[in-house]
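Single-letter residue listing:
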Amino acid sequence: MRLRLAVLLLLAFMTLPTVVVIAVSFNPTAILSFPPAGFSWRWYVNVLTYPQFQRAAWNSLVVTGGAVLLALPIGTLAALALERARLRGRALWAAALLSPLVVPGVAAGLGFLILAAALGLLRSRIVLVVAHVALVLPFVVRSVWVSVRNLDPALERAAASLGASPRRIFFRVTLPLLRPGLFAALLFAVVVSVNEFVVSLFISNRVTEILPVAMFNYVVNYTDPTIAALSSLFIAATFLVIWLADRFLDLGRVFLQH
Amino acid sequence: MARPVVELRGCTREYGALRAVDALDLAVLEGEFLSLLGPSGCGKTTTLNLIAGFVEPTAGRILIDGEDVTGRPPHLRGLGVVFQSYALFPHLTVFENVAFGLRERRVPAGAIAQRVKEALALVRLEGRERQRPAQLSGGMQQRVALARALVYRPRVLLLDEPLAALDKRLREEMRDELRAIQRAVGITTVFVTHDQAEALGLSDRIAVMQGGRIEQLGVPREIYERPATRFVADFIGASTMLRGRAASGELVTVTGGVALRVAVGRVLKVGAEVELAIRPERVRLATAPGDNVVEAEIDALVYQGAQTELTAKLADGQRVRVFVTEPAPIPLAPGQRVRLHLPADAFMVIG
């Protein structure tokens with residue numbers, strides 16, 4: 001009983017900020033106050049009709065889509081290489097691939113900013129895509145690596161003995177068996193990229209900025225519940241993605257199989 | 001004489017400082033069932049992997065049907081392999097597992113359906129086409145693996161301890177079935193095992209391996225009855241070894257003074273050091289003194305139902321292993337004195 005209470009309190013503590021944000025988003029007045037004074041959809045309308053948010057949403061789609069599309073194959077090959085290749089200093093390679101996790105966002109952002117300036121790419125979304133690839137790669141490598149480790153090497157030998165060339169083995173055996181890891185990688189990459197803020201802030205401008213950056217800029221200038229509405233949409237979208245993944249991809253298995 | 005299908009010529013495989021296979025020469029003949037038998041680490045699996053092309057020899061050549069295939073990748077060798085772990089593709093159905101090799105060979109869909117059906121009938125797994133490997137028992141999975149390796153009619157079938165993962169009952173059942181299928185298909189087969197009973201029961205010929213080399217190559221009866229080396233005598237049938245000196249052409253004095261008559265089909269050189277081996281099941285309990293009867297004291301015994309395995313100590317301290325068929329003629333207990341009859345024709349002279 002007491003344990004149950006403790007769990008409930010912990011849950012309340014963890015979800016409180018979310019609850020507040022969602023509640024405020026329905027506030028009919030233009031003040032960020034809690035509890036809300038009534039109920040209204042007007043800030044949601046504002047979100048969906050505000051041109052800068054529309055542009056940022058499109059940027060987010062392009063940047064995240066591009067980054068994930070690049071990071072998945074790169075990360076998969078990296079994971080395979082880490083496990084299989086005759087590699088000198090394997091631990092060092094692994095550390096390098098996972099390092100973006102421990103580099104502070106400000107440092108990484110500054111680095112990308114200086115590089116982008118030097119290359120004259122500051123007005124382009126390419127820098128954002130490249131930065132996001134680097135930021136999601138650790139998650140992709142990690143997830144796929146777990147699946148690679150679980151791969152029975154006898155399966156690939158069996159495929160070879162049955163007449164499959166290395167290329168055919170990769171597509172008919174290796175890749176299908178890495179599917180749980182690839183799905184987990186995809187999920188992580190999307191969530192990390194969509195929510196990325198610090199690094200993106202350094203290397204975007206009004207034209208290229210992605211949603212989190214646009215939200216920040218909005219908050220700097222206005223203090224109405226629009227931002228709460230957008231945050232709520234963000235939360236709902238993330239929830240939906242995770243729920244779908246759990247429903248159809250058996251997320252529990254991906255994380256618990258090891 | 002049947003012609004060789006697989007030939008290894010002076011094959012060596014080194015892993016760093018370790019020489020897993022050492023200048024091995026071996027010819028596998030058309031249609032025969034050849035076993036590579038030995039303890040773990042003897043090089044038998046490496047030899048199989050050399051034939052399959054999973055590892056390349058550091059020296060030597062490998063020939064299939066007289067053609068040099070050294071350096072040719074496994075998918076171009078056209079062999080069938082069955083693995084100890086089954087190695088079925090978990091993401092494919094039984095049908096697709098068996099069809100795998102046919103699809104790689106671009107066999108038309110209609111023919112694939114027909115041949116998969118035949119292969120599954122051969123291993124008595126009709127009606128399981130749509131199931132996943134995980135839904136089948138270990139024995140069934142191994143039969144799928146066998147069907148998968150046979151369906152495209154490979155030149156040679158390589159079996160890597162295919163029965164080791166099965167429990168005892170199933171293993172014996174699968175052993176008989178394996179032999180029947182191999183006979184029916186008539187395929188040249190190389191079988192890797194550490195189990196001497198399997199090797200003796202299945203093989204046309206056995207190559208006993210140790211330290212990356214073949215200790216002895218011969219038909220099962222020859223291997224069992226005339227082991228060429230001490231290792232073979234000991235590994236197959238767990239023989240007792242006795243050291244002695246030839247007192248005459250057919251008399252050996254074992255240390256301790258006991259003279260044993262031996263009938264090994266040849267005359268021993270008088271005065272030569274001789275090593276004798278005798279199978280535990282050939283030693284008998286004797287009721288009275290006589291020729292080739294020695295006194296001994298029971299050291300240890302293990303009751304096994306059909307027989308009791310005991311170790312008896314001779315006067316000079318050498319130990320003899322004896323299998324006594326149950327029910328034993330006399331009660332057996334540690335410390336008890338017994339007489340052992342070592343028949344002259346049961347001895348094997350090593351070396």
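1. Some points on the overall build of chain A
What chain A contains, in helices and strands, is 13 helices and 0 strands. Going from N to C terminus, chain A has its helices and strands arranged as α-α-α-α-α-α-α-α-α-α-α-α-α. In terms of overall dimensions, chain A has a C-alpha envelope of 70 × 60 × 30 Å along the principal axes. Taking all 258 residues of chain A together, the buried fraction comes to 40%. A fraction of 69% describes how many contacts in chain A between residues 6 or more apart in sequence connect residues 24 or more apart.

2. Let's talk about the overall build of chain B
If you tally the helices and strands in chain B, you get 8 helices and 20 strands. Reported as C-alpha extents along the three principal axes, the dimensions of chain B are approximately 75 × 45 × 40 Å. Taking all 351 residues of chain B together, 48% fall into the buried category. Considering only contacts in chain B between residues 6 or more positions apart, those separated by 24 or more positions represent 65%. Accessible surface for chain B amounts to roughly 15,700 Å². Of this, 51% is attributable to carbon and sulfur atoms. Counting 45 positive and 41 negative side-chain charges, chain B places the centres of these two groups 3 Å from one another.

3. Structural notes on the domain arrangement of chain A
By a widespread convention, an interface's size corresponds to the accessible area lost as its parts come together. All names here are of chain A. Each domain of chain A was delimited in the assignment, giving domain 1 (1–40) and domain 2 (51–256). On a C-alpha basis, the centroid separation for the pair domain 1 and domain 2 is 31 Å. Facing 10 residues of domain 1, the contacting portion of domain 2 comprises 8 residues. In total, about 640 Å² of surface goes out of reach between domain 1 and domain 2, with carbon and sulfur atoms giving 78% of it. Considering only the surface of domain 1 that becomes buried against domain 2, Val21, Ser25 and Leu32 emerge as the three largest contributors, covering 59% of it. One can count 0 salt bridges joining domain 1 with domain 2.

4. Points about the sheet that holds strand β3 (residues 33–37) of chain B
All names here are of chain B. Taking strand neighbours across the sheet as the criterion, the 6 strands line up as β6-β7-β8-β3-β9-β10 in an open arrangement whose pairing is mixed. Since the sheet does not close on itself, it has two edges, and those belong to β6 (80–82) and β10 (213–218), each with one partner. Neighbouring strand axes in the sheet, compared pairwise and without regard to direction, differ in orientation by 15 degrees on average. The pairing of strand β7 (residues 156–160) with strand β8 (residues 188–193) spans 5 bridges and is classified as parallel. Bridge pairing links aspartate 160 to valine 192 in β8. In the packing of helix α4 (residues 138–150) onto the sheet, contacts are made with β6 and β7, and the angle to β6 comes to roughly 170 degrees.

5. Re the domain arrangement of chain B
With domains assigned, chain B is organised as domain 1 (4–226) and domain 2 (238–350). The gap between the C-alpha centroids of domain 1 of chain B and domain 2 of chain B is 39 Å.

6. Describing the pairing of β7 of chain B
Where a strand is regular, its side chains alternate between the two sheet faces. All names here are of chain B. Of all 5 residues in β7, 5 are buried, a share of seventy percent or more. Side chains of β7 alternate between two faces, with Val156, Leu158 and Asp160 and Leu157 and Leu159 buried alike. This β-α-β element, β7 to helix α5 (residues 168–185) to β8, shows right-handed connectivity.

7. Considerations on the interface of chain A and chain B
Each side of the interface is counted separately: chain A has 18 residues, and chain B has 22 residues. There are 2 salt bridges connecting chain A and chain B. Residue arginine 168 of chain A pairs with glutamate 104 of chain B through a salt bridge whose shortest N-O separation is 2.9 Å. Run the count over chain A and chain B and you get 6 residue pairs in polar contact (both at pLDDT 80 or more). For the side of chain A that touches chain B, the secondary structure elements donating two or more residues are α7 (153–161) and α8 (166–177) of chain A. By residue number, the principal contributor to the side of chain A that touches chain B is α7 of chain A, which donates 7 residues. Of the residues contributing to the side of chain A that touches chain B, the split by class is 11 nonpolar, 3 polar and 4 charged.

8. Let's talk about the packing of aromatic side chains
Here the distance between the centres and the angle between the planes together describe a pair of aromatic rings. Tallied over the entire structure, the rule returns 16 aromatic pairs over all chains. Measuring from centroid to centroid gives 5.4 Å for tryptophan 41 of chain A and tyrosine 44 of chain A, while their planes differ by 70 degrees, and the two rings are edge-to-face. Using a relative accessible area of 53% as the deciding quantity, one classes tryptophan 41 of chain A as exposed. By relative accessible area, which is 11% here, tyrosine 44 of chain A ends up buried. Directly above the ring of phenylalanine 100 of chain B sits arginine 172 of chain A, whose terminal nitrogen or CZ lies 3.8 Å from the centroid.

9. Some thoughts on a nonpolar patch on the surface
Residue and element names in this part refer to chain A. A cluster of nonpolar side chains, Leu3, Val7, Leu8 and Leu11, forms an exposed patch at the surface whose accessible area comes to about 410 Å². For valine 7, the location among the structural elements is in helix α1 (residues 2–25). You can call valine 7 partly exposed: its relative accessible area is 46%.

10. Topic: the sheet that holds strand β4 (residues 59–64) of chain B
The antiparallel open sheet is built from 4 strands, whose spatial order is β2-β1-β4-β5 (chain B). In the strand order of this sheet, the two ends are held by β2 (18–29) and β5 (67–68) of chain B, each with one partner.

11. Remarks on the environment of leucine 276 of chain B
All names here are of chain B. Tracing the backbone through its elements, the reader meets leucine 276 in strand β14 (residues 273–278). Distance from leucine 276 to isoleucine 350, taken between C-alpha atoms, is 6.1 Å for residues 74 residues apart in sequence. Not counting residues up to four positions away in its chain, the partners in contact with leucine 276 are Thr240, Met241, Leu242, Val252, Val262, Phe347, Met348 and Val349.

12. Section: the nonpolar core
Counting residues in each nonpolar core, the largest one holds 78 residues, and the members touching the most others are Leu8, Phe89, Leu146 and Leu158 of chain B. Dropping the residues within four chain positions of it, leucine 8 of chain B is found in contact with Leu24, Asp25, Leu26, Thr47, Leu50, Ile51, Arg61 and Ile62 of chain B. In this structure, Leu72, Val129, Val141 and Leu182 of chain A belong to the second largest nonpolar core, which totals 35 residues.

13. Re the pattern of salt bridges
Residue and element names in this part refer to chain B. Applying the stated criterion across every chain, the model contains 34 salt bridges over all chains. Close ionic contact of arginine 337 with glutamate 297 constitutes a salt bridge, the shortest N to O distance being 3.7 Å. Taken together, the residues span a long stretch of sequence, with arginine 337 in strand β19 (residues 337–341) and glutamate 297 in strand β16 (residues 293–303) at a distance of 40 residues. Under the relative-accessibility criterion, arginine 337 is labelled exposed at 52%. A residue is classified by how much of its surface remains accessible, and glutamate 297, at 31% relative accessible area, is partly exposed. Residues participating in the shared-partner salt-bridge network are Arg3, Glu30, Asp65 and Arg155.

Calculation notes
Residues numbered from 1 in each chain as written. Chains lettered and ligands numbered in written order. Predicted model: local features only at pLDDT ≥ 70, side-chain atom pairs only at ≥ 80, totals over all residues. Heavy atoms only, no water. Helix = DSSP H or I, 4+ residues; strand = E, 2+ residues; numbered from the N terminus. Buried < 20%, exposed > 50% of the residue type's maximum accessible area, 1.4 Å probe, protein only. Contact = heavy atoms within 4.5 Å. Areas by Shrake-Rupley, 256 points an atom, 1.4 Å probe, with all protein chains shown as cover. Lys, Arg positive; Asp, Glu negative; His and termini not counted. Charge placed at Lys NZ, Arg CZ, Asp CG, Glu CD. Domains from an automatic or database assignment. Buried area = accessible area lost by both parts, 1.4 Å probe. Salt bridge = Lys/Arg side-chain N within 4 Å of Asp/Glu carboxyl O. Pairing = 2+ DSSP bridges. Axes fitted to C-alpha atoms, helices over the stretch in contact; angles between N-to-C directions. Right-handed = clockwise from strand over helix to strand, strands pointing away. Polar contact = N/O pair within 3.5 Å; in protein donor to acceptor, adjacent residues only side chain to side chain. Nonpolar A, V, L, I, M, F, W, Y, C, P; charged D, E, K, R; others polar. Phe/Tyr/Trp six-rings, centres within 6.5 Å; stacked < 30°, edge-to-face > 60°. Lys NZ or Arg CZ within 6 Å of the ring centre and 35° of its normal. Patch = residues over 30% accessible without salt bridge, like charges linked within 9 Å, V, L, I, M, F, W, Y side chains within 5 Å. Core = buried A, V, L, I, M, F, W, Y, C linked by side-chain atoms within 4.5 Å.

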